[in-house]
Amino acid sequence: MALKGLRPEVLSMNPYEAGKTIEEVRRELGIEKIIKLGSNENAYAPFPEALEAMRAEMKNANRYPDIAFEEIKGLLANIHGVEAKNIAISHGAEGMLQAMGKCFIEKGDEILLPSATYGLYNEISKLMGGRIVSVPLKDFAVDLERAAKAVTKRTKLIWLCNPNNPTGNIVEPRLLDRLFEKLPKNAWVILDEAYAEFAPKDLLPDRVRLISEGRNLVSIRTFSKAYGLAGARLGYAIAGEEIVTVIDTVSEPFNANRIGIAGGVAVLTRDMEACERARLMIIADRQRISESLEGMGLFVVPSNTNFVFFETPFSAEDVADGLLKQGVIVRPCTGWGYDRAIRVTVGTSWEVDVFLETLDKTLNGLEGA
Ligand SMILES: Cc1ncc(COP(=O)(O)O)c(C=O)c1O
């Protein structure tokens, strides 16, 4: 029987499609050794000091965290060359994305959304009653020129995932400047930079300049990827002081937990060497995966993230299933409209070896079928 009383927007939403977990695959297929390359986590983490700090913080779990998040805000402000009042903290980047919906989207607002990007933007926009205007990708990349053409006076918000998930590429920063020229005064760009640490700094938009020029921009970052704390759920935004106050007001109080904050502070203060080593390994292995896949004759999108998007001649579901049966979890991109594309996370070098070998076997099997 249909539930009564729900908002129609709630009924229009789809459940979040998370990558398969190790526990799920163990349960379903009875496989013991599993390599998880479907959720863009950091296989080298948690880093040692973060682990220790989180363990130590557990004894304070009966106490609420510092509601002002002073220590971590100060560290992040320092890293990004802004002030602590320009940083808002959240329960993962996802928490911040939800806050963006609450802050900006009113019923009927036009929301520009690239046709293949992080799925949560669509769901948040629908939940808040926004009207989605889909902007097709161009050559697998977010097309900001086309987005600029789609702007109307009713445009309220643009979700910009940069580098883009699932394709892994980035937009030219000058195109973001141009987009701002076209935007109505009350429209906002939400720049989700979950993977920015894996991209060359000089290819990323200068978010601090844009914010200091008074552009309506919120940059969102996470500790889930380069910093390796996906399970500890810690994210943040860099934005103008006034909007940070609004974000803090609409967010639930204490919207990050003590354990996550302790881990985050430890990574930033004491784990940076290990973190940097892992980052460089991931970037080198990303290159190795891309070259190996190209060597197999496959189409690969150049990546600026910790994952690689590629196409095979076969159905993505068949390829992903074939890999899964041999204990390797990847993400088929069918849900994004790419029937033959796979997104694979760059794991440890050993995991990359296993992935490449297993993929080769799987493709050969499909070819012979
Ligand atoms: C583009 C993008 N934004 C946000 C998130 C969510 O990050 P978090 O774990 O910080 O909530 C992800 C996670 O995969 C992502 O790919």
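Up top is the structure.
Note that the structure is a prediction, hence the values are computed from the model and not measured.

Focus on the site of the ligand
If you check the shell around the ligand, you find 13 residues, and the closest are Gly-92, Ala-93, Glu-94, Thr-222 and Ser-224. It is helix H5 (residues 92-104) that provides the largest number of residues to the shell around the ligand, a total of three residues. For the shell around the ligand, the residue count by class is five nonpolar, six polar and two charged.

Notes on helix H12 (residues 272-295)
Its 24 residues give H12 an end-to-end C-alpha distance of 34 Å, which sits within 8% of 34 Å, the value for a rise of 1.5 Å per residue. Along H12, the positions that sit buried rather than exposed are Cys-275, Ala-278, Arg-279, Ile-282, Asp-285, Arg-286, Ile-289, Ser-290 and Leu-293. Its buried side turned inward, H12 meets helix H11 (258-270), strand E9 (299-301), strand E10 (307-311), strand E13 (341-345) and helix H14 (349-368). A positive backbone phi angle near 85° is found at Gly-297, which sits one or two residues after H12.

Looking at the packing of helix H4 (residues 70-80) against H11
With their axes 10 Å apart at the nearest point, H4 and H11 run at an angle of 35° to one another. Taken as a pair, H4 and H11 cross one another with a handedness that is left-handed. Residue-level contacts link Glu-71, Ile-72 and Leu-75 of H4 to Ile-261, Gly-264, Val-265, Leu-268 and Thr-269 of H11. Partitioned by chemical class, the residues of the contact of H4 with H11 number five nonpolar, two polar and one charged.

As for the pairing of strand E7 (residues 217-222)
Taking burial as the measure, the six residues of E7 include six buried ones, the bulk of the element. A two-sided burial pattern is seen for E7, the buried positions comprising Leu-217, Ser-219 and Arg-221 on one face and Val-218, Ile-220 and Thr-222 on the other. Sheet analysis places strand E6 (residues 188-192) next to E7, joined by four bridges and oriented parallel. In the sheet register, Ile-190 faces E7, and the bridge partner there is Val-218. Read as a crossover between parallel neighbours, the route from E6 over helix H9 (residues 207-212) to E7 is right-handed. Relative to strand E8 (residues 235-238), E7 runs antiparallel, the two sharing four bridges.

The rules behind the values
- Residues numbered from 1 in each chain as written.
- Predicted model: local features only at pLDDT ≥ 70, side-chain atom pairs only at ≥ 80, totals over all residues.
- Near = placed C-beta within 6 Å.
- Helix = DSSP H or I, 4+ residues; strand = E, 2+ residues; numbered from the N terminus.
- Nonpolar A, V, L, I, M, F, W, Y, C, P; charged D, E, K, R; others polar.
- Expected span 1.5 Å × (residues − 1).
- Buried ≥ 20, exposed ≤ 12 C-beta atoms within 10 Å, placed from the backbone.
- Contact = placed C-beta atoms within 7 Å.
- Axes fitted to C-alpha atoms, helices over the stretch in contact; angles between N-to-C directions.
- Left-handed = near helix turned anticlockwise from the far one by under 90°.
- Pairing = 2+ DSSP bridges.
- Right-handed = clockwise from strand over helix to strand, strands pointing away.

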